[in-house]
Amino acid sequence: MEFAELIKTPRVDGVVLRRPFQPTVEGTLCLTGHHLILSSRQDNTEELWLLHANIDCIEKRFVGTLGTIIVKCKDLRVIQLDIPGMEECLNIASSIEALSTLDSVSLMYPFFYRPMFEVIEDGWNSFLPEDSFKDLESMTDEWRLSDVNQDYCVCASYPPLVAVPKDVDDDTLRKAAAFRHAGRFPVLSYYHKKNGMVMMRSGQPLTGTNGRRCKEDEKLINATLRAGKRGYIIDTRTIAVAQQAKARGGGFESEANYPQWRRIHKAIERSSVLQESLIKLVEACNDQSHNMDRWLSKLEASNWQTHVKEILTTACLAAQCIDREGASVLVHGTEGTDSTLQVTSLAQIILDPTCRTIRGFQALVEREWLQAGHPFQQRCVQSAYGNGSSVKVRCEAPVFLLFLDCVWQILRQFPCSFQFSEHFLVLLFEHAYASQFGTFLGNSAAERAKLKLSQKTVSLWSWVNRPQEAQRLSNPLYEANSLVIWPSVAPQSLLLWEGVFLRWNRSSRCLDEAYEEMVHIIEYNKELQNKVNSLRRQLAELETDDPLQHTE
Amino acid sequence: MVENVRLIDRTVSRKATVGTLYLSATHTIFVENNPETRKETWVLHSLVASVERPPTTPSGSHLVIRTKNFQVLELLVPQERDATDIHASLARLSRPEKYSELYCLSINPTANKEEREESWSFLDLQADYRRMGVPNNLWVGTPANSEYRVCDTYPSELFVPKSATPPVIVGSSKFRSRGRFPVLTYFHQDTLASICRCSQPLSGFSARSQEDEQMMQAIMKANPGSEYIYVVDTRPKLNAMANRAAGKGYENEDHYTNIKLQFIGIENIHVMRNSQQKIIDMGEVKTPSMGDFLWGLESSGWLKHIKAVLDAGVFIAKAVAEEGVSVVVHCSDGWDRTAQACSLASVLLDPYYRTMKGLMLLIERDWVSFGHKFSHRYNHLDGDPKEVSPVIDQFVECVWQLSEQFPCAFEFNERFLIQLRRHVYSCQYGNFLGNSQKERRDMRLRERTYSLWPQLWKDRAQYVNPLYRADHTQTQGMLRPNTTPYCFKMWKGMYNRLEKSAPPRHSPADLLTAVREETQQLEQELTNHQEVAPRGTAHSGTKQEDSSPDEEEADEQQQRRSEDDERNV
């Protein structure tokens, strides 16, 4: 297929671009295979380059022959294009619609993008499972790296290599996999160096209505317990939802078969509920005509903040079991690809200072989201403006965005403990939904291997880990904090993430200025420190030189 | 003194610390038994809002002390008799009946007469009027209210339009509630527009006053750039209309030429009192869900009221700065909502009021001098609970909301605002006693108490906003805040002290302040080095004695000092 076939009108002159809080631009609109470009062809004016993949939906309006296209983006921005000529407008609109809903992944921009920067470090090799296992080996010899999933046959959504207890052989793993949802048998998620406790994750056990059991599964998770110690199973679903799952062949670990484990149910909502929540929240944020009562009641009705609180609370619980109770933990929900990952990754941010560094956070996203098989492509196919017109099975959900929101909440409460700033989180949000990089394409390691992403596309990490970019994303206030950080989950401590949800709805100039001022204060201080230190050194040298001069 | 009292942590843990409770003349003091920490908790009697005694339990009697700072202390007293005694004493001590019982008057402050007098001359209101260019050929001082003859709740020194004659002033005051006729509060030099304040006219359904109409005319003429004035009635229109039945009300646009009447809709003190109470109650709900919290926030209406107050300020500031039109502001009596609206407009218009000293002056002018009824509103004496209302709390919170939107615009930080509000209630200083300038004069407070302002100024290091820079763009000109509802936040620092008992989190502001202090030291060290270093490299052997003939003595001393510093490093 040629992109040209989809582009009915490649160019229109005299198009007016309107964006809130920015001056209107008049210029030429161009459509390419992957971008919508608006240029005034004048020096010093900003051009608009919008990835088609970033377009969530469009709306058309006509007043006489003047057409207007409202473009609603996945990054939540809403822009308006006034296009003279009805035919041009209709052509542009249908072209955008076609280009922004391409079915084939291999037509996506990352396969065409050639980096304009020098790739110093290939991000595809930055966070290999082998490397992270080396770190684990330096702390404990109780675990091994199994290649039982080498050909993705045991579990389609797992990577080829997973860490499992040393004493459990591959055969046992295969049998346990058959007992877990989509073959997602319990694997290591995190090892707590301080006390040797671990966090594992999996899919739900397939107990069904007649209470099936699996000795191998029991053996597998019991192998992680110290003698005489009990562990915790955190089921991210309510007991009612978990009960219902039995009818569809799923279920939960019964006390009888897992006597060494205490099961705790939490109430993290399923994807479809989260998606609805996002739609409501963004709608509330975009309507400036609300009075205070209406705004607060819409904010409440969206339930978004409730999800944030519930996810954070569950992550704190997991972290508490490990750090305070000295117990190992198994986390799962139904599939083990959504709420499970929110909990395991946030618990690591709480427990492990490494995850709060720029590289450590990338490693966490790579390990606990990409390798762990979070279906990014399905979840991010639509954002808040998805109108449900798509005929595909509706599986979009802001699971990753909620995770980032929770990280932002912790970051805001511990503003000095993270090496990265809010910018990094916003960047990950944008790239998860639309990107020139291949990192978030596909739904699993297997799919990514099949698409040959590492050969055919550039990794986001290659871009992020360039010194100048890492500098831009870093937090000027950072002071390494080796402690466990316990966020407050009280409602008044959890705020609306303005950097994402109000980003396009108000001018951020004053807040940006404050940020620059902060950076300036800290950099000026560093500069002075360097000057003073070098002067001190010079003086010290002179003073030690002095006696020599005298003796000479 | 009662021993073996338990102080119960009101957070989820409900851990208790054992200690001894003391009641002094001014404070309730709890001292931990733990010999290592001996942590002390002090609560000023004047800050106690209520003392409750839930039913006695087998482990003892509980006492719950709520402070006007939104803190809650829960004590467990082993003997019921002790609990009854403490309860009775505190109930009495926290509700003084006479001014003389208040902290600032009962703790003998006459010790240092000079210092005390100096403390009262720290701020000079007249100098601030001069700073804004008043008096001038448009606005003049009037002796009309000397000895508080015309209006006993106004200050004695007032500014009125040059053309307003004494009969006009007196006539206008007779037509205004409690004699509060229109007077100048802020003059905007850039546009020559001004903000005036007064109380509601006694217009009823048909009454009019020629003098009052002339007064308004005079105010309009005092602004050569405009042909009309705005009259901002900060009340909801319905309330204003209801007042007409009582012979009060609002200006009839047919009688006053060239006025544009604007209602803003700030609710009355009773609504505000109830609203704040709901916010406080919400803070005491144990482990609320997000829904509980947001619903509570909504149903309290608090943020809605905060927005209304800020909207009033924004309307006035825009009229003055952007349209160049003068504004006359009133509510009913002109001492609550009017004070809020006028002072906020000043903060928005004039960068000076965003500095520490500027804000002090603003409070001294728009609140203290113009007769905001501090003692009634903040319950200094045991009085009518219906007079109590968090009027200045709302002003302070609006300033905080602004500082969240304009992080570089204010010289002071959140702590300064919280401290300022605290002292409005605490009665540790004489500033906010009484209900008018006249009352304070009659009480001879300047001879008997200290002023708060120099104390705050002395401690200013802890109140500095590190992001503030006098030459920053946000520091210049008018602030144009966004008042869309989502721009307002719950002020956690004010209302959720409870959370503070959790381990303190890093505050970026404190960190930046520390960095800035260090930077200053480095700058100092660097200048010292730079004076020394070049010569040092030339002939370092004789550095100590080196001194060029053209060197000034001061430099020389500084140089020696820096060398000492180096040795200490």
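Being a predicted model, the structure only gives us computed values, none of them experimental.

## Describing the overall build of chain B
Phase 1 of the analysis: Along the backbone of chain B there are 21 helices and 14 strands.
Phase 2 of the analysis: Here the analysis covers contacts within chain B between residues at least 6 apart in sequence; of these, 68% occur between residues at least 24 apart.
Phase 3 of the analysis: When the accessible area of chain B is evaluated, it comes to approximately 24300 Å², of which 49% is carbon and sulfur surface.
Phase 4 of the analysis: Here chain B contributes 68 positive and 75 negative side-chain charges, whose respective centroids are spaced 8 Å apart.

## Remarks on the overall build of chain A
Phase 1 of the analysis: In terms of regular secondary structure, chain A is built from 20 helices and 14 strands.
Phase 2 of the analysis: A compact globule built from 552 residues would reach a C-alpha radius of gyration of about 24 Å, and chain A, at 26 Å, matches this within 12%.
Phase 3 of the analysis: Nonlocal contacts in chain A, meaning residues at least 24 apart in sequence, comprise 70% of its contacts between residues at least 6 apart.
Phase 4 of the analysis: Within chain A, one finds 60 positive and 69 negative side-chain charges whose respective centroids are separated by 7 Å.

## Comments concerning the interface of chain B and chain A
Phase 1 of the analysis: Counting from both sides, the interface comprises 54 residues of chain B and, opposite them, 56 residues of chain A.
Phase 2 of the analysis: Here chain B meets chain A over a buried area of about 4900 Å², counting both sides, of which 67% is carbon and sulfur.
Phase 3 of the analysis: The interface formed by chain B and chain A includes 4 salt bridges.
Phase 4 of the analysis: Its salt-bridge partner being Glu517(A), residue Arg469(B) comes within 2.7 Å of it at the nearest N-O pair.
Phase 5 of the analysis: Linking chain B to chain A there are 12 residue pairs in polar contact (both at pLDDT 80 or more).
Phase 6 of the analysis: Contributions of two or more residues to the side of chain B that touches chain A are made by helix 9 (290-300), helix 10 (302-323), helix 14 (391-405) and helix 20 (508-538) of chain B.
Phase 7 of the analysis: With 15 residues, the top contributor of residues to the side of chain B that touches chain A is helix 20 of chain B.
Phase 8 of the analysis: Class assignment for the residues of the side of chain B that touches chain A results in 23 nonpolar, 16 polar and 15 charged.

## What to know about the sheet that holds strand 2 (residues 22-31) of chain A
Residue and element names in this part refer to chain A.
Phase 1 of the analysis: One open sheet accounts for 7 strands, arranged 4-3-2-1-7-6-5; its pairing is antiparallel. Two strands bound the open sheet, and with one partner strand each, they are strand 4 (48-51) and strand 5 (55-63). Each strand of the sheet is rotated relative to its neighbour by a mean of 30°, with strand direction disregarded.
Phase 2 of the analysis: Where strand 3 (residues 35-39) meets strand 4, 4 bridges bridge the pair, whose relative direction is antiparallel. Considered in strand 4, the bridge of leucine 36 is made with leucine 50.
Phase 3 of the analysis: Helix-sheet contacts for helix 2 (residues 86-99) involve strand 1 (11-19), strand 2, strand 3, strand 5, strand 6 (66-73) and strand 7 (78-84), and the interaxial angle to strand 5 is about 165°.

## Re unusual backbone geometry
Phase 1 of the analysis: For the peptide bond that leads from Val134(B) to Pro135(B), omega is 5°, which places it in the cis range.
Phase 2 of the analysis: Here Pro135(B) shows up in the loop between helix 4 (125-131) and strand 8 (139-142).
Phase 3 of the analysis: Phi is positive for Leu76(A), close to 85°, though the residue is something other than glycine.
Phase 4 of the analysis: For Leu76(A), a relative accessible area of 5% corresponds to the buried category.
Phase 5 of the analysis: The residue Tyr148(B) is not glycine, and still its phi comes out positive at about 55°.
Phase 6 of the analysis: Structurally, Tyr148(B) can be placed in the loop between strand 8 and strand 9 (158-161).

## With respect to the sheet that holds strand 6 (residues 61-67) of chain B
Residue and element names in this part refer to chain B.
Phase 1 of the analysis: The antiparallel open sheet is built from 7 strands, whose spatial order is 4-3-2-1-7-6-5. The open sheet has two free edges, formed respectively by strand 4 (40-44) and strand 5 (48-52), since each of these has just one partner strand. Each neighbouring strand pair of the sheet contributes to a mean axis angle of 30°, computed without reference to strand direction.
Phase 2 of the analysis: Pairing analysis gives 5 bridges linking strand 2 (residues 16-23) to strand 3 (residues 27-32), with the strands arranged antiparallel. Each bridged residue has a counterpart across the sheet, and for tyrosine 22 the counterpart in strand 3 is isoleucine 29.

## Topic: the nonpolar core
In summary, soluble globular proteins display a tendency toward joint burial of nonpolar side chains.
Phase 1 of the analysis: By size, the foremost hydrophobic cluster in this structure holds 220 residues, and its most contacted members are Phe361(A), Phe501(A) and Phe395(B).
Phase 2 of the analysis: With 12 residues, helix 10 of chain B is the single largest residue contributor to this core.
Phase 3 of the analysis: Once residues within four sequence positions are removed from consideration, Phe501(A) is found in contact with Leu76(A), Leu278(A), Leu281(A), Val282(A), Cys285(A), Trp304(A), Leu401(A), Asp405(A) and Leu496(A).

## Points about the pairing of strand 7 (residues 72-77) of chain B
Residue and element names in this part refer to chain B.
Phase 1 of the analysis: With 6 of 6 residues buried, strand 7 is to be regarded as a mostly interior element.
Phase 2 of the analysis: The sheet contact formed by strand 1 (residues 2-8) and strand 7 spans 3 bridges and is antiparallel. Counted as the bridge partner of leucine 7 is leucine 75 from strand 7.
Phase 3 of the analysis: Turn length for the strand 6-strand 7 hairpin, with the two strands adjacent in sequence and antiparallel, is 4 residues, and the turn residue phenylalanine 70 shows positive phi of about 70°.

## Looking at the packing of aromatic side chains
The relation between two aromatic rings is expressed through the spacing of the ring centres and the mutual angle of the planes.
Phase 1 of the analysis: Applying the stated criterion across every chain, the model contains 45 aromatic pairs over all chains.
Phase 2 of the analysis: On the basis of an interplanar angle of 85° and a centroid distance of 5.7 Å, the ring pair of Tyr228(B) and Tyr230(B) is categorised as edge-to-face.
Phase 3 of the analysis: Since its relative accessible area comes to 10%, Tyr230(B) is described here as buried.
Phase 4 of the analysis: Ring geometry for Phe410(B) against Phe412(B): centres 5.5 Å apart, planes inclined by 55°, an arrangement best described as tilted.
Phase 5 of the analysis: Phe410(B) gets classed as buried once you look at its relative accessible area, which sits at 1%.
Phase 6 of the analysis: One aromatic cluster in this structure is built from Phe127(A), Phe361(A), Trp369(A), Phe376(A), Phe400(A), Phe403(A), Phe418(A), Phe420(A), Phe424(A), Phe440(A) and Trp461(A).
Phase 7 of the analysis: One residue, Arg131(B), lies across the ring of Tyr353(B), its end atom 5.2 Å from the ring centre.
Phase 8 of the analysis: The cationic tip of Lys357(B) hangs over the ring face of Trp457(B); the distance from NZ or CZ to the ring centre is 5.1 Å.

## Looking at the side chain of His305(B)
Phase 1 of the analysis: Relative to the helices and strands, His305(B) is located in helix 10.
Phase 2 of the analysis: Beyond its immediate sequence surroundings of up to four residues, His305(B) is in contact with Glu267(B), Val271(B), Met272(B), Ser275(B), Ser300(B) and Gln394(B).

## Regarding a negative patch on the surface
Phase 1 of the analysis: Negative charge collects at one region of the surface, where Glu137(A), Asp141(A), Glu142(A) and Asp167(A) lie side by side.
Phase 2 of the analysis: Judged by relative accessible area, Asp141(A) falls into the exposed class, the value being 55%.

## Here we look at the UniProt feature "binding site: substrate" (unreviewed entry) in chain B
Residue and element names in this part refer to chain B.
Phase 1 of the analysis: The sites that carry the UniProt feature "binding site: substrate" (unreviewed entry) are, in the present numbering, Asn268, Ile269, Cys331, Ser332, Asp333, Gly334, Trp335, Asp336 and Arg337. These residues run over 70 residues, yet every pair of their C-alpha atoms falls within 12.3 Å of each other.
Phase 2 of the analysis: Within the fold, isoleucine 269 resides in helix 8 (residues 269-284).
Phase 3 of the analysis: Take isoleucine 269: its relative accessible area is 14%, and that puts it in the buried class.
Phase 4 of the analysis: Residues in contact with isoleucine 269, not counting those within four places in the same chain, are Asp336, Arg377, Lys386, Glu387, Ser389 and Val391.
Phase 5 of the analysis: Secondary-structure assignment places cysteine 331 in the loop between strand 14 (327-330) and helix 11 (337-349).

## A short note on the packing of helix 8 of chain B against helix 9 of chain B
For any two helices packed against each other, one specifies the inter-axial angle together with the distance between the axes.
All names here are of chain B.
Phase 1 of the analysis: It is at 8 Å that the axes of helix 8 and helix 9 come closest, and there the two elements cross at 165°. Our classification of the angle between helix 8 and helix 9 gives roughly antiparallel. Crossing angle aside, the handedness with which helix 8 passes helix 9 is right-handed. Contacts from Ser275, Lys278, Ile279 and Met282 in helix 8 reach Phe293, Gly296, Leu297, Ser299 and Ser300 in helix 9.
Phase 2 of the analysis: For the contact of helix 8 with helix 9, the residue count by class is 4 nonpolar, 4 polar and 1 charged.

## Comments concerning the state of the cysteines
Phase 1 of the analysis: By the definition in use, this model includes 0 disulfides over all chains.
Phase 2 of the analysis: Cys321(A) takes part in no disulfide bond, and the closest cysteine sulfur to it belongs to Cys316(A), at a distance of 11 Å.
Phase 3 of the analysis: Owing to a relative accessible area of 3%, Cys321(A) belongs among the buried residues under this scheme.
Phase 4 of the analysis: Among the cysteines around Cys342(B), which has no disulfide bond, Cys196(B) carries the closest sulfur, lying 8.8 Å off.

## Here we look at the pairing of strand 3 of chain B
Residues and elements named next belong to chain B.
Phase 1 of the analysis: The element strand 3 is largely enclosed, with a buried count of 6 among its 6 residues.
Phase 2 of the analysis: Side chains of strand 3 alternate between two faces, with His27, Ile29 and Val31 and Thr28, Phe30 and Glu32 buried alike.
Phase 3 of the analysis: Connecting strand 2 to the next strand, strand 3, in antiparallel fashion are 3 residues.
Phase 4 of the analysis: When strand 3 meets strand 4, the two strands line up antiparallel, connected through 5 bridges.

## A short note on the pattern of salt bridges
Phase 1 of the analysis: Inspection of every chain in the model, using the stated rule, returns 59 salt bridges over all chains.
Phase 2 of the analysis: We note a salt bridge from Glu498(A) to Arg506(A), for which the minimum N-O separation is 2.8 Å.
Phase 3 of the analysis: For Glu498(A), a relative accessible area of 16% gives the class buried.
Phase 4 of the analysis: With a closest N to O distance of 3.0 Å, Glu447(B) and Arg444(B) form a salt bridge.
Phase 5 of the analysis: According to the relative accessible area criterion, Glu447(B) is partly exposed, its value standing at 42%.
Phase 6 of the analysis: Residues joined by salt bridges that share partners form a network here, namely Asp128(B), Arg131(B), Arg197(B), Asp350(B), Arg365(B) and Asp366(B).

Calculation notes
Residues numbered from 1 in each chain as written. Chains lettered and ligands numbered in written order. Predicted model: local features only at pLDDT ≥ 70, side-chain atom pairs only at ≥ 80, totals over all residues. Heavy atoms only, no water. Helix = DSSP H or I, 4+ residues; strand = E, 2+ residues; numbered from the N terminus. Contact = heavy atoms within 4.5 Å. Areas by Shrake-Rupley, 256 points an atom, 1.4 Å probe, with all protein chains shown as cover. Lys, Arg positive; Asp, Glu negative; His and termini not counted. Charge placed at Lys NZ, Arg CZ, Asp CG, Glu CD. Rg over C-alpha atoms; globule rule 2.2 N^0.38 Å. Buried area = accessible area lost by both parts, 1.4 Å probe. Salt bridge = Lys/Arg side-chain N within 4 Å of Asp/Glu carboxyl O. Polar contact = N/O pair within 3.5 Å; in protein donor to acceptor, adjacent residues only side chain to side chain. Nonpolar A, V, L, I, M, F, W, Y, C, P; charged D, E, K, R; others polar. Pairing = 2+ DSSP bridges. Axes fitted to C-alpha atoms, helices over the stretch in contact; angles between N-to-C directions. Buried < 20%, exposed > 50% of the residue type's maximum accessible area, 1.4 Å probe, protein only. Core = buried A, V, L, I, M, F, W, Y, C linked by side-chain atoms within 4.5 Å. Phe/Tyr/Trp six-rings, centres within 6.5 Å; stacked < 30°, edge-to-face > 60°. Lys NZ or Arg CZ within 6 Å of the ring centre and 35° of its normal. Patch = residues over 30% accessible without salt bridge, like charges linked within 9 Å, V, L, I, M, F, W, Y side chains within 5 Å. UniProt positions renumbered as here; feature names shortened; annotations may be inferred. Parallel < 35°, antiparallel > 145°, perpendicular 65-115°, else oblique. Left-handed = near helix turned anticlockwise from the far one by under 90°. Disulfide = S-S within 2.5 Å.

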